[in-house]
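Below are the chains, spelled out letter by letter.
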Amino acid sequence: ADDMNDQIQRPFGVTRDAMSIFCKVFVHDLAAMAAFYEDVFGLVRIFEHSDTMMGRQISEISYQAGFPGGLELTLIHYHDSTGPVVGESVVGFTTTDLDACIARAKAAGGTVHEPIKRIDSMSLTVAFIMDPEGHVNEVVQLDEPLAAQK
């Protein structure tokens, strides 16, 4: 197995006994957003959970990390939600075919908010894909794909 540092080619580590292992995005329509993320990004469910969080009923769907040591993504829904809340997060994805990813997103009801941008200093091309509720997904195509994508 490749060393995590070899896969990402960026420094890693923390200064305290705490590491980020997952992130959650609040969605209004859990089933519809799950379908979008599974179709567009190929996410794989690892579990579904319902509970009470801070006095409110929630349901959530969690997805496995894309590579060993990567972050898990969870879509979370408050049962008393009255509509989507957007702008609270940006979820980052990497792909080896940005055009195909954008096409899948558009076919699934997503949009691209601004023109695709090339960033030579970071050796990547980036697009901001909005899911059907308006959540921002930053999708990058690296000039040299991650080891997990080869």
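Here the structure is shown first, and the text comes after it.
Keep in mind that this is a model prediction, so the values were computed, not measured. (Residues numbered from 1 in each chain as written. Predicted model: local features only at pLDDT ≥ 70, side-chain atom pairs only at ≥ 80, totals over all residues. Heavy atoms only, no water.)

## A few points about the pattern of salt bridges
Spelled out, the test is: Throughout this description, the term salt bridge denotes a Lys or Arg side-chain nitrogen within 4 Å of a carboxyl oxygen of Asp or Glu. A run of H or I in DSSP counts as a helix once it spans at least four residues, and a run of E counts as a strand once it spans at least two, with each numbered from the N terminus. Accessibility here uses a 1.4 Å probe with only protein chains present; expressed as a share of the type maximum, an area under 20% marks a residue as buried, one over 50% as exposed, and anything in between as partly exposed.
With the rule as written, the count across this model stands at six salt bridges. In this structure, lysine 24 engages glutamate 60 in a salt bridge whose closest nitrogen and oxygen atoms are separated by 2.8 Å. One end of the pair, lysine 24, is in strand S1 (residues 22-26); the other, glutamate 60, is in strand S3 (residues 56-63), with 36 residues separating them in the sequence. On the basis of relative accessibility, which here comes to 7%, the residue glutamate 60 falls in the buried class. Between aspartate 80 and arginine 56 there is a salt bridge, with the nearest N and O atoms lying 2.7 Å from each other. Linking aspartate 80 in the loop between strand S4 (72-78) and strand S5 (90-94) with arginine 56 in strand S3, this pair joins segments that are 24 residues apart in sequence. Look at aspartate 80 and you get partly exposed, because its relative accessible area is 46%. Counted as one network, the salt bridges with shared partners bring together Glu38, Arg45 and Glu48.

## Here we look at the sheet that holds S1
Which entries qualify depends on this criterion: Following DSSP output, two strands are said to pair if at least two bridges run between them. To get an axis, a line is fitted to the C-alpha atoms, and for a helix only the part in contact is used. The angle between two axes follows their N-to-C directions and goes from 0 to 180 degrees.
The sheet built from four strands is open, its strands ordered S1-S4-S3-S2 with mixed pairing. Every other strand in the sheet has two partners, leaving S1 and strand S2 (45-53) as the edge strands with one partner each. Strand-to-strand twist in this sheet, taken as the mean axis angle between neighbours without regard to direction, amounts to 25°. Alignment of S2 against S3, held across eight bridges, turns out to be antiparallel. Looking across to S3, one finds that serine 50 is bridged to serine 59.

## Re the nonpolar core
Counted only if it meets this: Residues belong to one nonpolar core when they are buried, are Ala, Val, Leu, Ile, Met, Phe, Trp, Tyr or Cys, and are joined through side-chain atoms within 4.5 Å. Whether two residues are in contact is decided by their heavy atoms: any pair within 4.5 Å suffices.
Counting residues in each nonpolar core, the largest one holds 23 residues, and the members touching the most others are Tyr37, Phe41, Leu75 and Phe93. Among the elements of the structure, helix H2 (30-41), S3, S4, S5, helix H3 (98-107) and strand S8 (124-130) are those that each provide at least two residues to this core. Here this core takes seven residues from H2, the largest share from any one element. Dropping the residues within four chain positions of it, tyrosine 37 is found in contact with Gly42, Leu43, Leu73, Leu75, Phe93, Asp131, His135 and Asn137.

## Observations regarding the environment of aspartate 120
Defined as follows: Two N or O atoms count as a polar contact when they lie within 3.5 Å, although within protein this holds only if one can serve as hydrogen donor and the other as acceptor, and sequence-adjacent residues are included solely when both atoms are side-chain atoms.
Mapped onto the secondary structure, aspartate 120 falls in the loop between strand S7 (117-119) and S8. The exposure class of aspartate 120 is exposed, given its relative accessible area of 58%. For aspartate 120 and threonine 52, which are 68 residues apart along the polypeptide, the C-alpha to C-alpha distance reads 46 Å. In this structure the side chain of aspartate 120 is engaged in a polar contact, spanning 2.8 Å, whose partner is the side chain of arginine 118.

## What to know about unusual backbone geometry
Backbone geometry at methionine 54 places phi at a positive 50°, although glycine is not the residue there. Looking at the secondary structure, you find methionine 54 in the loop between S2 and S3. Its identity is not glycine, yet serine 123 carries a phi of approximately 55°, on the positive side. Residue placement: serine 123 occurs in the loop between S7 and S8.

## Overview of the state of the cysteines
Just so we agree on the cut-off: In this description, a disulfide is simply a cysteine sulfur pair whose atoms lie within 2.5 Å.
Applying the stated criterion across every chain yields a total of zero disulfides. Not engaged in a disulfide, the cysteine cysteine 23 finds its nearest cysteine sulfur in cysteine 101; these two sulfurs lie 16 Å apart. Classification of cysteine 101 by relative accessible area gives buried; the value is 1%.

## Describing the side chain of asparagine 137
Mapping asparagine 137 onto the fold places it in strand S9 (residues 136-142). A polar contact is formed between the side chain of asparagine 137 and the side chain of tyrosine 37, at a distance of 3.1 Å. Of the polar contacts made by the side chain of asparagine 137, one reaches the backbone oxygen of histidine 135; its length is 3.5 Å. Aside from chain neighbours lying at most four places away, what touches asparagine 137 is Tyr37, Phe41, Val91, Phe93, Ala127, Phe128, Ile129 and Asp131.

The values are spatial; any link to function lies outside them.
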